[in-house]
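# Structural characterization, general
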Amino acid sequence: MATPVMDKVEAESAASPYITVTFRVRRFNPEVSAEAVWEDFQLEIDPKERVLDGLHKIKWDLDGTLTFRRSCAHGICGSDAMRINGKNRLACKTLIKDINPEKPITVEPIKGLTVLKDLVVDMEPFFQAYRDVMPFLITKDTNEPTRERFQTAEDRERFDDTTKCILCAACTSSCPVFWNDGQYFGPAAIVNAHRFIFDSRDEAGEQRLEILNDKDGVWRCRTTFNCTDACPRGIEVTKAIAEVKKALITRRF
């Protein structure tokens, strides 16, 4: 009895890891039109690859005008935050297989910031809020330290969570208060203020608290938890904001 043998085409089909996926990308080019449009791209891609890989395939093989930010491609630089299937994510950390590739994968810029082109937004308001909270160590001693500034493990643990921020803006651009009023400092700025307010080596906590006590500061937060859900680093953003509010009331930090 002869052994059944698959023909060459069937064998190649069975071995191929690729699937056909539709990327539905929101396109905007102010030099062409004042209106954004959706454009579909069909890709053959391994479902274990990332959304960023799909965007690379589009840019390199299908349409070189597609514009987006990315740098490290490993979830550290934070530059490729975008809305994927309606949720803020990092394109470099989102696998195709995890977002239902049987349906079109929608990709659009993060909300609340002016779109410059395609998936690129103007980050200046976001970074201005970050600068405004003085995100650096401040001490009364202006001279070079003569020894290491010691800190206990318990003191370090107090603000450990908020040191993880990579400034991707996923949390801030997921906040409905920020969408409606770009003057709000936003979760990321408050997280970075928290990181120094609760640092036992820092001596400018009162200054930062007064900055965040402004009408556009922490009191604008409505505790919707969107920011915590959106954070790709798992930071408990809403908890950090609540701790800053508590410090403002008690002046204990």
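Computed from a predicted structure; not experimentally measured.

Counting 63 residues, the largest nonpolar core has Phe23, Val51, Leu55 and Leu212 as its most contacted members. When residues of this core are assigned to domains, at least three map to each of domain 1 (19–121) and domain 2 (123–142 + 156–250). Other than its neighbours up to four places away in sequence, Phe23 contacts Glu39, Asp40, Phe41, Leu43, Val51, Gly54, Leu55, Ile58, Ile96, Ile105 and Val107.

For the rest of this paragraph, the subject is the packing of helix α6 (residues 187–197) against helix α7 (residues 205–212). Put simply, α6 and α7 touch, their axes get as near as 9 Å, and they point 155 degrees apart. Taken together, the axis directions place α6 and α7 in an arrangement best described as roughly antiparallel. You can see that α6 and α7 cross each other, and the crossing is left-handed. Residue-level contacts link Ile190, Ala193, Phe196 and Ile197 of α6 to Gly205, Arg208, Leu209 and Leu212 of α7. Class assignment for the residues of the contact of α6 with α7 results in six nonpolar, one polar and one charged.

Pairing of strand β1 (residues 19–27) with strand β2 (residues 37–45) involves nine bridges; the strand directions are antiparallel. For Thr22, the partnering residue across the bridge sits in β2 and is Gln42.

The subject of this paragraph is the pattern of salt bridges. Taken as a whole and assessed by the stated rule, the structure comprises 18 salt bridges. Across the salt bridge formed by Asp181 and Arg220, the nearest N and O atoms sit 3.0 Å from each other. Here Asp181 is found in the loop between α5 (176–180) and α6, whereas its partner Arg220 is found in the loop between α7 and α8 (226–230), with 39 residues between them in sequence. On the basis of relative accessible area, Asp181 is assigned to the partly exposed category, the value being 22%. In this structure, Asp202 engages Arg208 in a salt bridge whose closest nitrogen and oxygen atoms are separated by 2.6 Å. A single burial state applies to Asp202 and to Arg208, both of which are buried.

Time to look at the domain arrangement of the protein. One can read the domain layout of the protein as domain 1 (19–121) and domain 2 (123–142 + 156–250). Once you take the C-alpha centre of each, domain 1 and domain 2 turn out to be 28 Å apart. Taken together, the 15 residues of domain 1 in the interface contact 16 residues of domain 2. Of the roughly 1200 Å² buried between domain 1 and domain 2, counting both surfaces, carbon and sulfur atoms make up 62%. Among the residues of domain 1 in contact with domain 2, Asn88, Lys111 and Leu113 are the three that bury the most area, contributing 40% of the side total. Connecting domain 1 to domain 2 are zero salt bridges. At the boundary of domain 1 and domain 2, one finds four residue pairs in polar contact (both at pLDDT 80 or more).

Bringing the packing of aromatic side chains into the picture now. Tallied over the full model, the rule gives one aromatic pair. With centroids separated by 5.2 Å and ring planes inclined at 75 degrees, the aromatic side chains of Phe126 and Phe127 adopt a geometry described as edge-to-face. Under the relative-accessibility criterion, Phe126 is labelled buried at 4%. Looking at Phe127, the relative accessible area reads 28%, which means it is partly exposed. Here the basic side chain of Lys111 rests over the ring of Trp179, its NZ or CZ set 3.8 Å away from the ring centre.

Quick look at the environment of Ala193 now. With respect to the helices and strands, Ala193 occurs in helix α6. With sequence-adjacent residues up to four places away left out, Ala193 is seen in contact with Val133, Arg208 and Leu212.

Cut-offs applied
Residues numbered from 1 in each chain as written. Predicted model: local features only at pLDDT ≥ 70, side-chain atom pairs only at ≥ 80, totals over all residues. Heavy atoms only, no water. Core = buried A, V, L, I, M, F, W, Y, C linked by side-chain atoms within 4.5 Å. Buried < 20%, exposed > 50% of the residue type's maximum accessible area, 1.4 Å probe, protein only. Domains from an automatic or database assignment. Contact = heavy atoms within 4.5 Å. Axes fitted to C-alpha atoms, helices over the stretch in contact; angles between N-to-C directions. Helix = DSSP H or I, 4+ residues; strand = E, 2+ residues; numbered from the N terminus. Parallel < 35°, antiparallel > 145°, perpendicular 65-115°, else oblique. Left-handed = near helix turned anticlockwise from the far one by under 90°. Nonpolar A, V, L, I, M, F, W, Y, C, P; charged D, E, K, R; others polar. Pairing = 2+ DSSP bridges. Salt bridge = Lys/Arg side-chain N within 4 Å of Asp/Glu carboxyl O. Buried area = accessible area lost by both parts, 1.4 Å probe. Polar contact = N/O pair within 3.5 Å; in protein donor to acceptor, adjacent residues only side chain to side chain. Phe/Tyr/Trp six-rings, centres within 6.5 Å; stacked < 30°, edge-to-face > 60°. Lys NZ or Arg CZ within 6 Å of the ring centre and 35° of its normal.

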